[in-house]
Number of protein chains: 2
Amino acid sequence: MAFLREFDLISRLCAKIPRGQRTILGPGDDCAIIARARGQQLLTIDSMVEGVHFKLDWTTPEALGARALTVNLSDIAAMGGVPTVCVINLAIRPQLPASFFDHLYAGLGKVAATAGVGVVGGNVTRAAQLAITIAIVGDAGTGVMRRDAARVGDSVYVTGTIGDAALGLAILEGRQDARGAARKFLLARFLAPTPRLAAGRRLAALKPVPAAIDISDGLWQDLGHIIERSRVGAEIDIDAIPLSPAYRTLLGDDPQLALSGGEDYELLFCTATAFSPATLSRKLGVPVSRIGRIVKGRSAKLLKSGRSLPDLTRRLAGWDQLRDAGA
Amino acid sequence: MAFLREFDLISRLCAKIPRGQRTILGPGDDCAIIARARGQQLLTIDSMVEGVHFKLDWTTPEALGARALTVNLSDIAAMGGVPTVCVINLAIRPQLPASFFDHLYAGLGKVAATAGVGVVGGNVTRAAQLAITIAIVGDAGTGVMRRDAARVGDSVYVTGTIGDAALGLAILEGRQDARGAARKFLLARFLAPTPRLAAGRRLAALKPVPAAIDISDGLWQDLGHIIERSRVGAEIDIDAIPLSPAYRTLLGDDPQLALSGGEDYELLFCTATAFSPATLSRKLGVPVSRIGRIVKGRSAKLLKSGRSLPDLTRRLAGWDQLRDAGA
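As the structure is a prediction and not an experimental result, all values here were calculated from the model.

Thresholds applied
- Residues numbered from 1 in each chain as written.
- Chains lettered and ligands numbered in written order.
- Predicted model: local features only at pLDDT ≥ 70, side-chain atom pairs only at ≥ 80, totals over all residues.
- Pairing = 2+ DSSP bridges.
- Helix = DSSP H or I, 4+ residues; strand = E, 2+ residues; numbered from the N terminus.
- Buried ≥ 20, exposed ≤ 12 C-beta atoms within 10 Å, placed from the backbone.
- Contact = placed C-beta atoms within 7 Å.
- Nonpolar A, V, L, I, M, F, W, Y, C, P; charged D, E, K, R; others polar.
- Axes fitted to C-alpha atoms, helices over the stretch in contact; angles between N-to-C directions.
- pLDDT = per-residue confidence, 0-100.
- Least-squares fit on C-alpha atoms with pLDDT ≥ 70 in both.

1. Quick word on the sheet that holds strand β8 (residues 211-214) of chain A
Residue and element names in this part refer to chain A.
Next up, step 1: Here seven strands make up an open sheet; going across it, the order is β8-β10-β7-β11-β9-β12-β13 and the pairing mixed. Both edges of this open sheet fall to β8 and β13 (307-308), since each of them pairs with a single strand only.
Next up, step 2: Looking at chain direction, β8 and strand β10 (residues 267-271) are connected through four bridges and run antiparallel. Bridging across to β10, A211 finds its partner in C270.

2. Focus on the environment of A:P97
Residue and element names in this part refer to chain A.
Next up, step 1: Along the chain, P97 turns up in the loop between β4 (82-92) and α3 (98-115).
Next up, step 2: The exposure class assigned to P97 is exposed, which follows from the 8 C-beta atoms found within 10 Å.
Next up, step 3: Placed 48 residues apart in sequence, P97 and M145 show a C-alpha to C-alpha distance of 41 Å.

3. Looking at the interface of chain B and chain A
Next up, step 1: Between chain B and chain A, the residue contacts involve 68 residues of the former and 68 residues of the latter.
Next up, step 2: If one sorts the elements of the side of chain B that touches chain A by residue count, strand β3 (residues 41-49) of chain B sits on top with eight residues.
Next up, step 3: Here the side of chain B that touches chain A is composed, by residue class, of 34 nonpolar, 19 polar and 15 charged.
Next up, step 4: As paired strands, strand β3 (residues 41-49) of chain A and strand β2 (residues 32-34) of chain B are joined by three bridges and run antiparallel to one another. In the sheet register, A:Q41 faces β2(B), and the bridge partner there is B:I34.

4. Brief notes about the sheet that holds strand β9 (residues 233-237) of chain B
Where strands meet in a sheet, backbone hydrogen bonds hold them as pairs that are either parallel or antiparallel.
All names here are of chain B.
Next up, step 1: In spatial order, the strands read β8-β10-β7-β11-β9-β12-β13; together these seven strands make up an open sheet with mixed pairing. A strand with exactly one partner marks an edge of an open sheet, and here the two such strands are β8 (211-214) and β13 (307-308).
Next up, step 2: Across the sheet, helix α2 (residues 61-79) touches β8 and β10 (267-271), and the angle it forms with β8 is around 170 degrees.

5. Considerations on the confidence of the model for chain A
Residues and elements named next belong to chain A.
Next up, step 1: A residue-level look at chain A finds 94% of positions with pLDDT of 70 or above and a mean pLDDT of 90.
Next up, step 2: Here residues 1-5 is modelled with pLDDT under 50, and outside its nearest four sequence neighbours on either side it reaches 15 contacts, counting other chains as well.
Next up, step 3: The low-confidence segment residues 321-327 (pLDDT under 50) makes seven contacts with residues lying over four places distant or belonging to another chain.

6. A few points about the relation of the copies chain B and chain A
Next up, step 1: The transform that puts chain B on chain A rotates by 180 degrees and translates by 0.0 Å along the axis, for an RMSD of 0.0 Å. The operation mapping one copy onto its partner corresponds to a two-fold rotation axis.
Next up, step 2: Interface residue correspondence from chain B to chain A reaches 100%, placing this contact among same-surface, isologous pairings.

7. Section: the pairing of β10(B)
Residue and element names in this part refer to chain B.
Next up, step 1: Among the five residues in β10, five count as buried, and that is most of the element.
Next up, step 2: Burial along β10 is two-sided: L267, F269 and T271 and L268 and C270, pointing in opposite directions, are all buried.
Next up, step 3: Pairing analysis gives four bridges linking strand β7 (residues 155-159) to β10, with the strands arranged antiparallel. Following the sheet pairing, S155 is matched in β10 by T271.

Following this line, the structure appears as structure tokens:
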């Protein structure tokens, strides 16, 4: 059975947030109606579940709504697309007041307005856990950055700094102490990530089109998706992984959490471009670091000063399996 | 955090089911890539949650998967569209074996193949309750059937028979006894509804384009959505509501459950066409009944032999509020 005040709730929640320039009919009918797309389109779905991906005492409902949409926008960014419209499924538990959802949608609406994406419909259902599931449609540019496009000889780059979000999560979960500006920075990196939409669009305009992925599962695991789909290997220079001053304040130059932790929503990309990292940073409008190269083979290796680190490489593979076992 | 074997699970589940003719890149990347659409597009999202919308001992995983997609396809049918691609979010609880999801996707894949819709991606997350959330994209035809298009003087029609699914649910929940063929028919009407896609497409080709909605919340409530959005009133002839022989075997000619019960996934539509119900049935390929008319005003009234039934009308309005209170 459809949830009972669905019609009212969705219409009310959507009333103040953008519907998008391409929207002919927004919330309130069986489907939204969207104007003809210019070319190829992107489509993705993602979900945030209370107790699994977030706790309500970590953040405000505004920030939660903003983050739910950002995480989806990041998948559009990773393909180099322009987000156009989205639909939202809310699984709600009865204890939450209506004002909670007003705030959730206010935060979501701000991100939607900044990204130019229309919220064109939704559905509400009851559940034991609050969950926000968003499906988003985007326009593909002339180039689309796929995971299977990495080629031997490409350099491997990342945007921004890596590991901050995992450290922010560790602080929220009480596994890591932090104070002052470092704490504030790291929490914000987890709770309020930035979708790299402009950087993604500019990257996708390069020829040949880079391979790319957003770092959601963690640098090491997401690199694994690239090399698996592209049927190549990779070497990563451990000292080249960009760590923020806040990360270094807490963990020194140990990159393990940067390799294994997820949720940074930075872009990892592979390209044979002759541009330097400095030029790429200028072009993309975000810091870019070269962290390694694509090689023959099927596996990823860690190097320090050109020498392989088999123990840490094994530990990372083991970490991956441990996460699986605990899932 | 993304769920951990997400990549493997989604790719494995999607391997055997259709990706659709318009799909350039299916599951396994950040987004699916879809070819340029022919014109306007439809977009909708819906969710089925264990313990809220279904119980696992009611049905097989195949039937559950089939129903999850059917319910979404019904929203495309209600606009007169052609479904093209969908993405699926699975919220899974650890107790369920992998084979459960193979069967779920097998059922879903059969419906997808019949409807010509591609399953182009997905996401998996842990949760306390199993939930299947599907976002579906469709092509709008030259006419799109909206809820706000009913006009004074239109006749109100429904496809098929009404109330069977609610009666099937009552049997499953032990609120209603039934045996033999009637039981089997009514359970199937709830557990394995038919998306009225072909009928929807043919309806949307009529000029002027009818107003339409699919009956998911219940005939009375869904009629309410039409008259609210169209700013009109309606009169429904209580004896004209099409009841199946199985429904009549159990409830005689009492149409209350047919008015209030949901989940039939038949189409309710309003049109000034000169076609008779018999001609409409032939054109749409599904039985069509004329159950009333659109009038001035803002409310719906029930009539029996041309005389108004204010008590039952009030009771239906009250039933609506009771459902709300219990939600």
